[in-house]
Structures are given as C-alpha cells and as structure tokens.
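# Secondary and tertiary structure notes
What follows is each chain in one-letter form.
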Amino acid sequence: MQTNTPSRSTIRLTRRGRFALAALGAVVAGTAVAVPLLIMNGDDDSRPTTLVIPEGWRASQVYAAVDKVLDLPAGTTKKSLPKADLKLPDEAGGDPEGYLFPTTYPLKGKATPQKLLSRMADTADKKFNGAPIAAGAQRNAMNVYQAVTVASIVQAEAATKADMGKVARVIFNRLERGMPLQMDSTVDYALNRGAPRTTAADTEIDSPYNSYRRMGLPPTPIGNPGEDAVRAAINPTPGDWLYFVTVKPGDTRFTADYAEHQRNVAEAGAQGKKTDEPSKKEVSGAPPAVTPRPAPPAPSAA
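A brief look at the structure comes next. In this text, all values refer to a predicted model and were calculated from it rather than measured experimentally.

## Concerning the environment of Ala-162
With respect to the helices and strands, Ala-162 occurs in helix α7 (residues 161–176). The spacing of Ala-162 and Asp-228 is 66 residues in sequence and 9.6 Å in space, taken between C-alpha atoms.

Structural data, given as structure tokens:
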C-alpha cells in the first residue's frame, strides 16, 4: 500500500459520492491547457514585460505559459528542466510541482526558461522554508513538502479563501481517522485534466494520485499553491468536519455527520438540476464504521 503521510492510526477505505466544484474567479486551478497572463507595456506591438502565474496552476501549465511568453516551440521549457538546476527539496526528486511559485515575474533582459523556472523555485524556497511554515508543518506532524502537498489540494478544492482552512481541516481529520482523502482533484491530476466530473471508473484508475484507492497524501503536490492555501495547510480551521459539498456558488457546507451530509448532497443535486450546472464538489465517504475493503497492490517500481 502506498502512503505519503505522517504516521497515523490504522487506515481503512470508505466510499463517497461525486460532484465537481467550479472554482470562482477568472482562472480555474487544474485546467489542462495553460494560457499565460501577460502584462503589456502599453504598446500593442511591444513584447510583454510581465508574466503572471495564477495560484493553483500545474507545472505543465507553467511550462506552456513560459513557452508562449518567450515565443518558444511547445515543450521547450519542460525540456530545459535538467539544465535549470532548480532549488527543490530532496523529497521532490527533481519534480518542481508545487515549487513554481505563483506570482508576477518581470521579463527583464534576456529571459530564458531556465532563468524563469529558477526564479519561481527560488521564490518558493524562500516562502516555504521560513520559520513560520516550517514550524507550522512540524506542529501538524508534517515536513514542509507534505505541507505544500496539502496546500495544493486545498488550492484545488476550496471554492473561496474563507473555505481553505476548513478544507485543510477535512484533510487532516480524514488522515487522522484512517480515511482516504477521496478528492477528485487528485484524480483529475492523475488524468491530466480539469474536467468538472469524476466518474466511478475514474476512481478505479491505478495511480498513486488516486486518493480513492491510495492512502495518505499523493506523492507530490498536484499544483502550485499560493500563500493563502499554504497558510491554511499549516493553520487549519478548528473543527470536526469530514465531509463537504458545494450546494451552490458561495454555499459550501461542511459537516461531521454523514446523514446531514447526504441531505446537503441531495440539495446540491436539486440545485444542479435547476441551474443545469454540474459543477458541484463533494467530499463524502461513508462513516468510519463502514467495513473496509482490501487495498489494491502498490504499483511496481519502474
């Protein structure tokens, strides 16, 4: 069984219903195709002077954005990774996912993929390895890399900044109770998509990112979280919640009671039919007393 989480109590699997959450704002974290946000210097014919990386973008989106802003053939930035010599934690194994910090980057001088990626990774290193983040991770029995992984899930799952701390608490509560995370965002990452729905077949895929079938955290972050999500990951809102569902935009309900959650899910379904809007996210699962099913075998090493 594959795990990637601090030592907790005995682990067992549960089941859950499925809805997808529409992210609020102009950029959807986890979409499959990246479109760089560029700030021009005021002349329609001039080159962009700034590249903005939105919170939650995956590394693949960042690569595509850099290719576009530097007018390079698709795939150039990704191929440049071995030459970039990025400052990454040992746990990352050379994968910069989670450490391409989302913010605004000026395009000064002769910008190259290596320079831009290095700047992003250096920014993440400074943000994440300061005393507050390191201490917060330790307080939650994690290392910094695990905290960034939690933050990446929070970034993908939370509908609003106000919900981030609650989503983080659901993650910790599930880990502590030996429940699978069962987050659609991790499955979408495994499938390299940003689709609004996760099917029953999707939840059976053989991937270490399938948090329906694998225990604990995924092996890497599933995107590049911003500061708010990281703060939520190290300072989760106090609460006993195990489930949440977005009933309608601006109304995400958290609960520890499975029966109450089922009522919320039913209401979310009714709202979805009214608006013809399938973009509702549910983190569900049967109560912890459910009979466990055998865990699938871990994938063999390459």
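## Quick notes on the pairing of strand β5 (residues 251–255)
For β5, a buried count of four out of five residues is recorded, marking the element as mostly surrounded by other parts of the structure. Relative to β5, strand β4 (residues 243–248) runs antiparallel, the two sharing five bridges. Following the sheet pairing, Tyr-243 is matched in β5 by Thr-255. Hairpin connection of β4 to β5: two residues between the antiparallel strands, including Gly-250 at a positive phi of 85 degrees.

## Digging into the packing of helix α6 (residues 144–157) against helix α9 (residues 227–234)
Put simply, α6 and α9 touch, their axes get as near as 8 Å, and they point 120 degrees apart. Two packed elements cross with a definite hand, and for α6 against α9 that hand is right-handed. Of α9, the residues touching α6 (which contributes Ala-147, Val-150, Ala-151, Val-154 and Gln-155) are Ala-229, Val-230, Ala-232, Ala-233 and Ile-234. Each residue belonging to the contact of α6 with α9 can be placed in one class, and the counts come to nine nonpolar, one polar and no charged.

## Brief notes about helix α1 (residues 59–69)
With respect to burial, α1 is a largely interior element, eight of its 11 residues being buried. Here α1 has its buried residues at Ala-59, Gln-61, Val-62, Tyr-63, Ala-65, Val-66, Asp-67 and Val-69. Where α1 terminates, the next one or two residues include Asp-71, which has phi positive at roughly 55 degrees.

## Some details on the packing of aromatic side chains
What the rule picks out here adds up to seven aromatic pairs. Considering the side-chain rings of Tyr-99 and Tyr-145, the 6.0 Å spacing of their centres and the 15 degrees angle between planes classify their relative orientation as stacked. Placement of Tyr-99 in the loop between α3 (81–84) and β3 (104–106) and of Tyr-145 in helix α6 is noted, with a sequence separation of 46 residues between them. In terms of burial, Tyr-99 and Tyr-145 fall into one category: buried. Measuring from ring centre to ring centre gives 4.9 Å for Tyr-189 and Tyr-209, while their planes differ by 55 degrees; the resulting arrangement is tilted. In this pair, Tyr-189 sits in helix α8 (residues 184–190) while Tyr-209 sits in the loop between α8 and α9, placing the two residues 20 residues apart along the sequence. A relative accessible area of 13% means that Tyr-209 is categorised as buried.

## Observations concerning the nonpolar core
For soluble globular proteins, the rule of thumb is that nonpolar side chains tend to be buried together. Counting 57 residues, the largest nonpolar core has Met-120, Val-154 and Ile-171 as the members making the most contacts within it. In terms of residue count, α6 provides more of this core than any other element does, eight residues in total. In this structure Val-154 touches Met-164, Val-167, Ala-168, Ile-171, Ala-229 and Ala-232, once residues within four positions along its chain are discounted.

Conventions adopted
Residues numbered from 1 in each chain as written. Predicted model: local features only at pLDDT ≥ 70, side-chain atom pairs only at ≥ 80, totals over all residues. Heavy atoms only, no water. Helix = DSSP H or I, 4+ residues; strand = E, 2+ residues; numbered from the N terminus. Buried < 20%, exposed > 50% of the residue type's maximum accessible area, 1.4 Å probe, protein only. Pairing = 2+ DSSP bridges. Axes fitted to C-alpha atoms, helices over the stretch in contact; angles between N-to-C directions. Left-handed = near helix turned anticlockwise from the far one by under 90°. Contact = heavy atoms within 4.5 Å. Nonpolar A, V, L, I, M, F, W, Y, C, P; charged D, E, K, R; others polar. Phe/Tyr/Trp six-rings, centres within 6.5 Å; stacked < 30°, edge-to-face > 60°. Core = buried A, V, L, I, M, F, W, Y, C linked by side-chain atoms within 4.5 Å.

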